[in-house]
Amino acid sequence: MIEIRPGTDADRPQILARIAEVFGPEPAARADRLWDWQWHEDPRLPTRGYRGIVAEWRGQIIGNLSTIPTGLHIGGEPVRAHWFVDVLVHFGLMRQALKDHRRNPPVGGPDLSHGIAAALFDHPNAGPIQFGKHISDDMMTIIERIGFIPTAGSGSMHRRVSLKHTLGRSIGRPLGDLVGTVADLALPLRRPRLPLEVLTGAFDARFDRLWEEVRGRYPAICRRDAATLDWRYRRHPEGDYQVITTTDGEGLRGYVVLLTYDKGRRRWAKLVDLLTAPGDTEAVRALVSGALRQLRRQRAERVETFACGGGLADCLGSLGFTPRLTKSGRPQPLMARALPSAAAGIYVTQGDGDGG
C-alpha cells in the first residue's frame, strides 16, 4: 500500500537519497548542509523539525514534498500557509508502487487519481494555502490540474549588469575590464537619488519597526521582522548576502538584499529581498539602482529577481529589467492555491520561499 503521511527528521536519510537519485549528488549534499538551519532554526517554525509530506511504499520513501512556513500575513494578521520546495517522485519506484496499487487496491487508501505528486499536495498538512515559484514545466502541469493558479502581475525578471566578467574570460582580465568599461556604457545604470548605506552587522530593531509599519498596509505579505531576516541572510550556512538600506532621518525607509555568486565560469547575482512602504517608488528605485551599481563593481554579468505586488514589476521594468522565461518560453509567475480574495495584490520577492 502507498501511504501519504507527514515527514519527520527520521526520514532524512531516505529523503536525501531520493534527492540524489532524482536531481544528483550536489543538490542532495546541499540539502544535507542546510537541513538543520532550515528545519531547526527558522523562527517561523511552530516547533523544530522537518516539515513536509512523503509517499511511502514497502518501507521506502518514493516521493517527497517539503513545505516551508511562509509567515504569511493578510491584512496584517498571521495566516497559516506554506511554500512548497524539493518536490520529487522517484520514477522507477513510483511505477512499481502504482503497479502494485492497481493490482491490490487498498480500502480507504489515498486518492491517487491525479498521481502521487498531486496526492502529496493534497495532504492536509501541506495546506490549505500553498505557494510555489521557479517551477519546471512538468511540475506546472501537475499543479495546474489540482487548482494552483498564477498570480497576476508576478514573475521572474532579469537584466544584464556588466560585460567585464564575460570579456575577461575571453581576452584576459586587464584588457577585458578595459573593453568592458566601454561596453558597459551601453548598459546605463540610474544614479540613486537617496542616500544609501551598507548594513555591516545584524538586522536590528529598525527592521522590526519597518515590518510593523508596513505589514498591514500590503494586502498580504510574508514575515520580514529582524529575527526572520537575520536567520535568512546572516545565519545562512552558505550565502554571503549584502544589505543596502536607505533612511528618512527618523527610521528605516527600506532595504534591499543582494547576492553575487560564481557558477562555473560565470558570475551571476540576485536581488533577493526588497522592502519599502507600499507605493514608495522613489525608495525602490534608489535601492535597486544602488544594488545594480554595487553588482557592477563586483563584475556580475546578469542579475535575477522576482516581482509580485506593490507595483514592483513596473518599477523594475523602468530600470531595465525584463521577464525571465523558461526554456520553453513560459513565464515564471507565483503559483498559489486556495489564496483568499483578500490577499489579491500579495507582495512577494525572490527570497520568499527558497529563491535566495
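Details of the structure are given in the entry above.
Structure report, in brief. This is a predicted model, so every value here is computed, not measured. (Residues numbered from 1 in each chain as written. Predicted model: local features only at pLDDT ≥ 70, side-chain atom pairs only at ≥ 80, totals over all residues. Heavy atoms only, no water.)

Focus: the pattern of salt bridges
On inspection of all chains with the given rule, the structure shows 25 salt bridges. In this structure, D11 engages R5 in a salt bridge whose closest nitrogen and oxygen atoms are separated by 2.9 Å. Grouping residues by exposure puts D11 and R5 together as buried. With its nearest N and O atoms 2.9 Å apart, the salt bridge here joins R44 to D42. Of the two residues examined, R44 and D42, each falls in the buried class. Taken together, the salt bridges that share partners define one network made up of E26, R30, R33 and E238. (Salt bridge = Lys/Arg side-chain N within 4 Å of Asp/Glu carboxyl O. Buried < 20%, exposed > 50% of the residue type's maximum accessible area, 1.4 Å probe, protein only.)

Some remarks on the nonpolar core
Grouped together as the largest cluster of nonpolar side chains are 44 residues, with contacts concentrated most on Y255, L271, V288 and F321. Listed by contribution, the elements that provide at least two residues to this core are α8 (205-214), α9 (226-234), β12 (242-247), β13 (252-263), β14 (266-276), α10 (281-297), β15 (302-307) and α11 (312-317). If we ignore the near neighbours within four places in the chain, the residues touching Y255 are F207, L210, R224, L229, V243, I244, T245, D273, L274, L275 and L287. A31, V85, A220 and A343 belong to the second largest nonpolar core, which has 28 residues in total. (Core = buried A, V, L, I, M, F, W, Y, C linked by side-chain atoms within 4.5 Å. Helix = DSSP H or I, 4+ residues; strand = E, 2+ residues; numbered from the N terminus. Contact = heavy atoms within 4.5 Å.)

Observations regarding the layout of surface pockets
In this model, the second largest pocket occupies a volume close to 340 Å³. Lining the second largest pocket are 22 residues, with R44, P46, P69, R80 and H82 positioned closest to its centre. Those elements that provide at least two residues to the lining of the second largest pocket are β2 (52-57), β3 (60-69), β4 (72-74) and β6 (81-89). Of the residues in the lining of the second largest pocket, the class split is ten nonpolar, eight polar and four charged. (1 Å grid on protein atoms, 1.4 Å probe; cavity = no way out; pocket = protein on both sides within 12 Å on 5 of 7 lines; lining within 4 Å. Points joined across faces, edges and corners; volume = space filled by probe spheres on them. Nonpolar A, V, L, I, M, F, W, Y, C, P; charged D, E, K, R; others polar.)

A short note on the sheet that holds β12
If you trace the seven strands from one edge of the open sheet to the other, you get β10-β12-β13-β14-β15-β9-β16, paired in mixed fashion. With one partner strand each, in any of the chains shown, β10 (197-199) and β16 (322-323) form the two edges of the open sheet. Note that β13 and β14 share ten bridges and pair antiparallel. Opposite K263, over in β14, you have R266 as the bridge partner. Contacts between α8 and the sheet are confined to β10, β12, β13 and β14, with β13 contributing the most and set at about 110 degrees to the helix. (Pairing = 2+ DSSP bridges. Axes fitted to C-alpha atoms, helices over the stretch in contact; angles between N-to-C directions.)

Remarks on unusual backbone geometry
Along the chain, G127 connects to P128 via a cis peptide bond; the corresponding omega equals 5 degrees. Mapping P128 onto the fold places it in the loop between α4 (116-122) and β7 (129-132). Positive phi, normally seen in glycine, also occurs at D86, with a value near 50 degrees. Within the secondary structure, D86 sits in strand β6. If you check the backbone angles, A338 has positive phi at about 60 degrees while not being a glycine. Along the chain, A338 falls in the segment after β17 (335-337).

Some words on the pairing of strand β9 (residues 155-160)
Among the six residues of β9, five are classified as buried, and the element is accordingly described as predominantly covered. With six bridges connecting them, β9 and β15 associate as antiparallel partners. Looking at the pairing, R160 lines up with R302 of β15. Two elements, β9 and β16, share two bridges in a ladder whose sense is antiparallel. Counterpart to H158 in the pairing with β16 is T322.

Topic: the packing of aromatic side chains
Scanning the model with the defined rule gives 13 aromatic pairs in all. Ring geometry for W83 versus F131: centroids 5.4 Å apart, planes at 45 degrees, classification tilted. Of this pair, W83 sits in strand β6 while F131 sits in strand β7, and the two are 48 residues apart along the sequence. Ring centres of Y218 and Y347 lie 4.8 Å apart, and the angle between their planes is 40 degrees; this geometry places the pair in the tilted category. (Phe/Tyr/Trp six-rings, centres within 6.5 Å; stacked < 30°, edge-to-face > 60°.)

Points about the sheet that holds strand β1 (residues 2-6)
To summarise the sheet geometry, strands pair through backbone hydrogen bonds and adopt either a parallel or an antiparallel arrangement. Here seven strands make up an open sheet; going across it, the order is β1-β2-β3-β6-β7-β17-β8 and the pairing mixed. On the outer flanks of this sheet lie β1 and β8 (149-150), each paired with one strand and no other. As paired strands, β8 and β17 are joined by two bridges and run antiparallel to one another. Pairing of P150 across the sheet is with M335, part of β17.

This is a description of form; function is not addressed.
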